[in-house]
Amino acid sequence: MEVKVAQTKIDLRLLSYFLRTAEMGNITKAADSLNVAQPTLSKAIQLLEHQLKAPLFRRTAYGVETTVIGDQLLRHARLVAAQVADAVDEVEMLRDGTAGQVRIGAGPSWVRRMLPEAIAAALRDRPGLGIYVSSGFDERLLAGLDDGALDFVVAEKPLSGETSDYDYEPLTDDALIVTGRPSHALAGQGSVPHAEALAQNWALPPKHTLARRKLDGKVISLGETPPEPIVESNSQTFLLGFAQQCDVLLYTTRSVLAIPEGRGLVEIDVPGLASSRAAGLIFRKPKLLSPAALFVAEKLKEICALDPVN
């Protein structure tokens, strides 16, 4: 047999009246402080005592003081009041964007430049923010955006026909080029026929990534077969390091040559394989960002406006 125990519910408004009365020790003064009539406050206290089935105050020559039960309720009432005040403060900070968690998905080039500057600028203005950055290639980042794990993604613009589920705001443009180490056989030769470049060894990101799909599409449009890489990795840092150790070709953005990991590489001029890359902010539809996430996104826009290549 299941025994159900009735739980007493306390009206928070009545609890706040009780707290003020207990702290002031006088119903008249408490009523004035609460901006309510004394009879109204007296009835509220009586109602709370009725709900709890116990007396909370006893009268004295100077006003009222709490009973033993009232003392216990007072301790809890103070805790509740503090928690409610904290909750209100937290909601206000979340509403204003001065606090809250921001979860960002970032493509490989963005974790090295622009995004770190934007986050640093955001935290200088609003140190109460919490920032989480997940890095990777576009497909994994968009999956995180789809399932709600990320607030927004900063990465390469999805291909045409794949943008219906997202809102996109452009930030930067760059060229997709062929690169290799200076000692590569094709380095310094000037314009290289695409067939000659395709005959070389390649190191590439996985097939599902946009850069790889653009290269494959470009090659197919030229009537050729896309290269099969001797090394495939979802880490751009690894690919850049690997290309400096052996004669392989990469397909990446020109701006990579300016970062520390890419400074040992050179551009190899293969006009037939050259392409472009637009990148920017990607949001779920409908675009419903928290004030905190919107603030960080705006900081990133400001920084990219000063140098729209990445």
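Above: the structure in question.
Residues numbered from 1 in each chain as written. Predicted model: local features only at pLDDT ≥ 70, side-chain atom pairs only at ≥ 80, totals over all residues. Heavy atoms only, no water.

**Describing the side chain of Glu-156**
For Glu-156, the location among the structural elements is in strand E5 (residues 152-156). Polar contacts involving the side chain of Glu-156 include one to the side chain of Lys-214, which spans 2.9 Å. If we skip the residues at most four places from it in the chain, Glu-156 touches Leu-176, Leu-210, Ala-211, Lys-214, Arg-277, Ala-278, Ala-279 and Ile-282. (Helix = DSSP H or I, 4+ residues; strand = E, 2+ residues; numbered from the N terminus. Polar contact = N/O pair within 3.5 Å; in protein donor to acceptor, adjacent residues only side chain to side chain. Contact = heavy atoms within 4.5 Å.)

**Describing the pattern of salt bridges**
Evaluation of the coordinates by the stated rule reveals 15 salt bridges. A salt bridge links Glu-169 to Lys-301, with the nearest nitrogen and oxygen atoms 2.6 Å apart. Of the two residues, Glu-169 sits in strand E6 (residues 166-180) while Lys-301 sits in helix H10 (residues 291-306), which places them 132 residues apart along the sequence. Across the salt bridge formed by Lys-301 and Glu-298, the nearest N and O atoms sit 3.1 Å from each other. Highlighted residues: Lys-301 and Glu-298, both in helix H10, separated by three residues, approximately one helical turn. On the basis of relative accessibility, which here comes to 33%, the residue Glu-298 falls in the partly exposed class. (Salt bridge = Lys/Arg side-chain N within 4 Å of Asp/Glu carboxyl O. Buried < 20%, exposed > 50% of the residue type's maximum accessible area, 1.4 Å probe, protein only.)

**Digging into unusual backbone geometry**
We note that Lys-53 has phi near 60°; this positive angle belongs to a residue other than glycine. Judged by relative accessible area, Lys-53 falls into the exposed class, the value being 73%. One non-glycine residue, Met-114, lies in positive phi territory at about 75°. The class of Met-114 is buried, set by a relative accessible area of 2%.

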